[in-house]
Amino acid sequence: MISSLRGQVLSIGLDHVVVEVGGVGFAVQATPTTLAGLRRGDETRLDTALVVREDSLTLFGFADAEARELFGLLQTVSGIGPRLALATLAVLEPDQLRAALADGSVTVLTQVPGIGRKGAERLIIELRDKVGQLATAPAAAPGAGRVRTQVAEALLGLGFPAKQAEQTVDAVLAEDGSLGTSEVLRRALAALGRKR
C-alpha cells in the first residue's frame, strides 16, 4: 500500500493533484482543503490511501494522517465508498466530523451530498465509539489570513491570475470571515466561474 508521497506538484485540478515522485507522476484525489494548501512547482508530502478495485487503482491524498484515518473509518460503514468518504471530508473538517458523530448530530452529517437521514444515523451508530479512539487533539482553527493565503494559492495553482484570485477571495471573506478553507475555495470557484 502507498501510505504517503513526497515530491513536486506538477499540476492541480479541481479534485486532484499530480505529484511527481522519482520521475513518475501520481494522480491523487483530494479535498478542496488539501488542494488549497498546495502550489504548482513546490515540494509536498501527502498522507495517502490506495483504493484497489477490480478495474482501477485510485490514490487519495490528505494533508495529515488524521484525515486519512477518518477516510478509512468512514468506509467501514455499509454504503460508504471512497468517493462519499472523500466528499464527507470535503464538507466537514475532521474535528467537525468527529464532533457530529460523537454528538449524534444527523443535521450536520446530512450536509454532505449523498448522505441522507438514514445514512447519517447509520454512520452515528457504527462510528460513535470508534471516533474517540482516533487522535482527539483539536486542530487550531485557521485564521482568515491563513485561509486567504491558502485559497489564493490554490486558485493560482489552477491558473487564475493573482489579482483576480485575491480579489475574489477577499470578496468571499468579506461576506463571512468565519468560513473554513474548503468553503471559501468552493465559493471563490463559483464566483470565478460566473465571471468567465
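Focus on the nonpolar core
In summary, soluble globular proteins display a tendency toward joint burial of nonpolar side chains.
Okay, so step 1: In terms of nonpolar packing, the biggest core is built from 28 residues, with Phe62, Phe71, Leu74, Leu97, Leu101, Leu109 and Leu123 touching the most fellow members.
Okay, so step 2: Beyond its immediate stretch of four places on either side in the chain, Leu74 contacts Ile80, Ala85, Thr88, Leu89, Leu97, Leu123 and Leu127.

A short note on the side chain of Thr58
Okay, so step 1: As for its position among the elements, Thr58 is in strand S5 (residues 56-62).
Okay, so step 2: Those residues in contact with Thr58, other than ones at most four positions away along the chain, are Gln29, Ala49, Leu50, Val51 and Arg83.

Considering helix H6 (residues 117-131)
Okay, so step 1: Look at H6: 20 Å from first C-alpha to last across 15 residues, which is about the 21 Å you get at 1.5 Å a residue.
Okay, so step 2: Along H6, the largest kink reaches about 35° and is centred on Ile125.
Okay, so step 3: Every buried residue of H6 is listed here: Gly119, Ala120, Leu123, Ile124, Leu127 and Val131.
Okay, so step 4: Among the structural elements, helix H2 (65-74), helix H4 (94-103) and helix H5 (106-109) are those in contact with the buried residues of H6.

Comments concerning the side chain of Thr34
Okay, so step 1: By the element assignment, Thr34 lies in helix H1 (residues 32-36).
Okay, so step 2: For Thr34, a relative accessible area of 9% corresponds to the buried category.
Okay, so step 3: If we skip the residues at most four places from it in the chain, Thr34 touches Leu46, Gly61, Phe62 and Ala63.

Describing the pattern of salt bridges
If the charged atoms of two oppositely charged side chains come close together, the side chains can form a pair.
Okay, so step 1: Taken as a whole and judged by the stated rule, the model has eight salt bridges.
Okay, so step 2: The partner of Glu66 in a salt bridge is Arg98, and the shortest N-O contact between them spans 2.0 Å. Here the residue Glu66 occupies a position in helix H2, and Arg98 occupies one in helix H4, the gap between them amounting to 32 residues. With respect to burial, Glu66 and Arg98 carry one shared label: buried.
Okay, so step 3: Residues Arg98 and Asp95 are paired through a salt bridge, measuring 2.6 Å at the closest nitrogen-oxygen approach.

What counts, and where the lines are drawn
Residues numbered from 1 in each chain as written. Predicted model: local features only at pLDDT ≥ 70, side-chain atom pairs only at ≥ 80, totals over all residues. Heavy atoms only, no water. Core = buried A, V, L, I, M, F, W, Y, C linked by side-chain atoms within 4.5 Å. Buried < 20%, exposed > 50% of the residue type's maximum accessible area, 1.4 Å probe, protein only. Contact = heavy atoms within 4.5 Å. Helix = DSSP H or I, 4+ residues; strand = E, 2+ residues; numbered from the N terminus. Expected span 1.5 Å × (residues − 1). Bend = angle between axes of the 7 residues up to and from the residue. Salt bridge = Lys/Arg side-chain N within 4 Å of Asp/Glu carboxyl O.

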